[in-house]
Amino acid sequence: MSTSRQFKLPSPIVAAVVATMVLLGLYLSTAAPDLTFWDAAELMAAAHTLGIPHPPGTPLWVLLGKVAAMLFSSAPPPRAITLLSVWSGAITGGVTALMAAKWIGARGAVVSAVMAGAMYSVWNNATETEVYAVALLASVVMLAAGEYAGRVDTPAPMRLRARALIAFLCGLAVPLHLSVLVALPAAVALAWRGERPRLRDLLSWGALAALGFSAVALLPLFSSRNPALDSGDPETWRSLVAVLRREQYAVAGLWPRMAPLWLQLGNVFQWADWQVAFGLHPQPTAGLWRTSITVLWCWLAGLGVRQLWRHDVRVGRAMLLLLLTASFGVAVWLNMRAGPTFGVGILPDGAVHEARERDYFFVLAFWAWGLLAGVGVSAIAATFARRLPAPVALLPFALVLVPVLGNGDVADRTREPVATLPRTYARLLLDAVPRNGVLIAAGDNDSFPLWYLQMVEEYRADVTVVTVPLMGATWYRASLARQQLLAPEAVTRWPGLSAVLRSVMIHADGRRRAVRVSTLLTRKDRVLLDPTRGWALQGLVYAPDSLLAAGTTGLDLAALRRSREQVPASALLPLPPAADPAAETVQELLRCTRVSTVVDSLLVSGCGGV
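A short tour of the structure in this document, coming up. (Residues numbered from 1 in each chain as written. Predicted model: local features only at pLDDT ≥ 70, side-chain atom pairs only at ≥ 80, totals over all residues. Heavy atoms only, no water.)

Side note on the state of the cysteines
Considering all chains together, one arrives at 1 disulfide under this definition. Paired by a disulfide, Cys592 and Cys607 hold their sulfur atoms 2.0 Å apart. With the S-S bond torsion at -100 degrees, the cross-link from Cys592 to Cys607 turns out left-handed. On the criterion of sequence distance, the pair formed by Cys592 in the loop between α26 (581-590) and α27 (601-605) and Cys607 in the segment after α27 is long-range, its members being 15 residues apart. Taken individually, Cys592 and Cys607 each receive the classification buried, so the pair is uniform in this respect. (Disulfide = S-S within 2.5 Å. Helix = DSSP H or I, 4+ residues; strand = E, 2+ residues; numbered from the N terminus. Buried < 20%, exposed > 50% of the residue type's maximum accessible area, 1.4 Å probe, protein only.)

This is how it looks when you write it as structure tokens:
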């Protein structure tokens, strides 16, 4: 007998390898080649420098990011960190197929894994630098461990080890990302079979959870090195707890509700409608064909739950529990405001919305939905196989192409101008500031890409970026005081935003450091900085101008002309469908370089306003 016949891989392992390779190909071909908007650039900077990103700091992810930077050192620095998400997403598909092969066979498992991995939010998380792809991998490993522990044929010692892995992953959730714990109820439901755990088992699991939790010690260890990115400065017990609890932010409790509960749940349905074939109607509102496919996928998932319930009540019950807790349960727990495109005409005028779409918080639910829909497809194929010829019976599996083709274009981050727009904007913004100047920035998208360029690529590190939304944090004001941009007494006692901004302006002037203000900030912010002078638009920034009347807005035509010449034409190409709204905002800011008069519509409607 030949060696090839003697050694044959079990079909679940074959399914896992195939699913991993298929998703790896999808993700590699659509992954961001460079910086992206929002948190990605900050996380890249943290990974490359072993710094601390915004709370809760995610120290385990930062360490994994550093490992990825070393493993993929031949790739450009931004791409190297993004490959951590790419591989995490692909391996998640492999673990999914390995688990599902025991329920529906290898062929159905591959289809289910690819359908889960091609859901819009799952795909998006796998193609940029973020914590959610790694967190999803940890969640799915936890579920797979629970599923293995609950099988009838699992030996008792292996059952205990699988349960121990669940406990360890629970501990790792804190230094990685708390979203991992969303999988815990379903993992426990899957593992709940066999002998009851003994006290010794419970104690050992508690110790393993504590061991995983101990990775939070990386935070003070990183901070002790005084990295340039040191959010929260967690070198004391008090500051460490503050970072882990995200005290920097106004974290909502369960009550009062930040929006009506029915509206919060409706927001989940809105994001769910994007998952299967967003490319058919790449708009936030419902579309006939896209929403019809969404309904079809709900029906397929229902068939999947029924099929799993028949296969093993334990599995069917656990997967239904996962779907509910990872969707509606998360919505109730997070208590978010309405998304930026939801509730218009329902909420009062001026109601505060979330800064961006939060579909990524529900990625485990969308993954479970895709998996269950794949199980439903497998059930249909099995029914066909009993009544129809084999080639016809395989036709239902072609439904895997619906999310792959329906989301492929809108999930593609390699298309211009999106692929390079964050870097272009960040460089132009830094270049708009004189040497050793101070840039007053508005938040994530005019801060994080700049931090990355300065900390990782050492580009225009002479510029100090002062981020206004962070000024309420004591640790941030302390960092400004160390740079002699803020009075020490303003660190421990919050004197109000107006006083802090004015202090920054006075200290910068005293040190003869030129101040520029991002056009993302408003006229009100500029007046708070310096109410005695006017402000002249220079393109992407405003500069104080003593020749203008106090509080007024003018134009520096020479600077506008220079900045206009620096904007590459490619940066203003039409955006692809479903591009991040941040890209549209940045293009509007780049057009500020074209303003020619103070009554220009660009200046009246945007560019910091008049």
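Notes on the pattern of salt bridges
Using the criterion set out here, one finds 17 salt bridges in the structure. Linking Glu247 and Arg238 is a salt bridge whose minimum nitrogen-to-oxygen distance equals 2.9 Å. Judged by its relative accessible area of 32%, Glu247 falls in the partly exposed class. On the basis of relative accessible area, Arg238 is assigned to the exposed category, the value being 52%. A salt bridge links Asp431 to Arg460; the nearest nitrogen and oxygen atoms lie 3.9 Å apart. In this pair, Asp431 is assigned in helix α19 (residues 421-431) and Arg460 in the loop between α20 (448-455) and β2 (464-467), connecting sequence segments 29 residues apart. By relative accessible area, which is 34% here, Asp431 ends up partly exposed. Within the structure, one salt-bridge network assembled from shared partners comprises Glu147, Arg151, Arg193, Asp312 and Arg314. (Salt bridge = Lys/Arg side-chain N within 4 Å of Asp/Glu carboxyl O.)

Regarding the packing of helix α8 (residues 156-176) against helix α10 (residues 199-213)
Packed helix pairs are characterised by how far apart their axes lie and by the angle those axes make with each other. The interhelical angle for the contact between α8 and α10, taken along N-to-C directions, is 35 degrees, at an axis separation of 6 Å. As for how α8 packs across α10, the hand of that crossing is right-handed. Across the interface between the two elements, Leu160, Arg163, Ala164, Ala167, Phe168, Gly171, Leu172, Val174 and Pro175 from α8 touch Asp201, Trp205, Leu208, Ala209, Leu211, Gly212 and Phe213 from α10. A per-class count over the contact of α8 with α10 returns 12 nonpolar, 2 polar and 2 charged. (Axes fitted to C-alpha atoms, helices over the stretch in contact; angles between N-to-C directions. Left-handed = near helix turned anticlockwise from the far one by under 90°. Contact = heavy atoms within 4.5 Å. Nonpolar A, V, L, I, M, F, W, Y, C, P; charged D, E, K, R; others polar.)

Observations regarding the layout of surface pockets
The computed volume of the second largest pocket comes to approximately 580 Å³. Along the walls of the second largest pocket sit 23 residues, with Ala228, Leu229, Met455, Ser479 and Gln483 positioned nearest its centre. Where the lining of the second largest pocket is concerned, the elements lending two or more residues are α20, β2 and α21 (474-482). The biggest single contributor to the lining of the second largest pocket is α21, with 5 residues. (1 Å grid on protein atoms, 1.4 Å probe; cavity = no way out; pocket = protein on both sides within 12 Å on 5 of 7 lines; lining within 4 Å. Points joined across faces, edges and corners; volume = space filled by probe spheres on them.)

Considering the sheet that holds strand β4 (residues 534-537)
Backbone-to-backbone hydrogen bonds pair the strands of a sheet. The strands run either parallel or antiparallel. Strand order in the open sheet formed by 6 strands is β2-β1-β3-β5-β4-β6, with mixed pairing between adjacent strands. Of all strands in the sheet, those with a lone pairing partner are β2 and β6 (553-555), marking the two edges. The average angle at which neighbouring strand axes cross in this sheet is 35 degrees, direction not considered. The sheet contact formed by β4 and β6 spans 3 bridges and is parallel. (Pairing = 2+ DSSP bridges.)

Considerations on the packing of helix α4 (residues 59-71) against α8
The N-to-C vectors of α4 and α8 enclose an angle of 80 degrees; their axes lie 5 Å apart at closest approach. Overall, the two elements α4 and α8 adopt an arrangement that is roughly perpendicular. Contacts between α4 and α8 involve Pro59, Leu60 and Trp61 from the first element and Leu172, Pro175 and Leu176 from the second. Taken together, the residues of the contact of α4 with α8 break down into 6 nonpolar, no polar and no charged. (Parallel < 35°, antiparallel > 145°, perpendicular 65-115°, else oblique.)

Digging into a nonpolar patch on the surface
A grouping of Ile13, Val17, Met21, Trp87, Ile91 and Leu98 is seen on the molecular surface, where their side chains present a nonpolar patch of about 500 Å² in accessible area. For the nonpolar patch, the elements supplying multiple residues, two or more each, are α2 (11-30) and α5 (77-117). With respect to the helices and strands, Leu98 occurs in helix α5. (Patch = residues over 30% accessible without salt bridge, like charges linked within 9 Å, V, L, I, M, F, W, Y side chains within 5 Å. Areas by Shrake-Rupley, 256 points an atom, 1.4 Å probe, with all protein chains shown as cover.)

Observations concerning α5
Taking 1.5 Å per residue as the helical rise, α5 with its 41 residues ought to reach 60 Å, whereas the 25 Å between its terminal C-alpha atoms falls clearly short. A large share of α5 lies buried, amounting to 33 of its 41 residues. (Expected span 1.5 Å × (residues − 1).)

Observations concerning the packing of aromatic side chains
This structure, assessed with the given rule, holds 10 aromatic pairs. Measuring from ring centre to ring centre gives 5.6 Å for Trp271 and Phe362, while their planes differ by 35 degrees; the resulting arrangement is tilted. Residue Trp271 is found in helix α13 (residues 261-272), and its partner Phe362 is found in the loop between α15 (313-334) and α16 (363-385); the two are separated by 91 residues along the sequence. Accessibility expressed as a relative area gives 1% for Trp271, which makes it buried. Aromatic rings pair up to connect Tyr120, Trp274 and Phe278 into one cluster. Looking at Arg427, its charged tip hangs above the ring of Tyr459, at a distance of 4.0 Å from the centre. A cation sits over an aromatic face here: Arg526 above Tyr542, 3.7 Å from the ring centre. (Phe/Tyr/Trp six-rings, centres within 6.5 Å; stacked < 30°, edge-to-face > 60°. Lys NZ or Arg CZ within 6 Å of the ring centre and 35° of its normal.)

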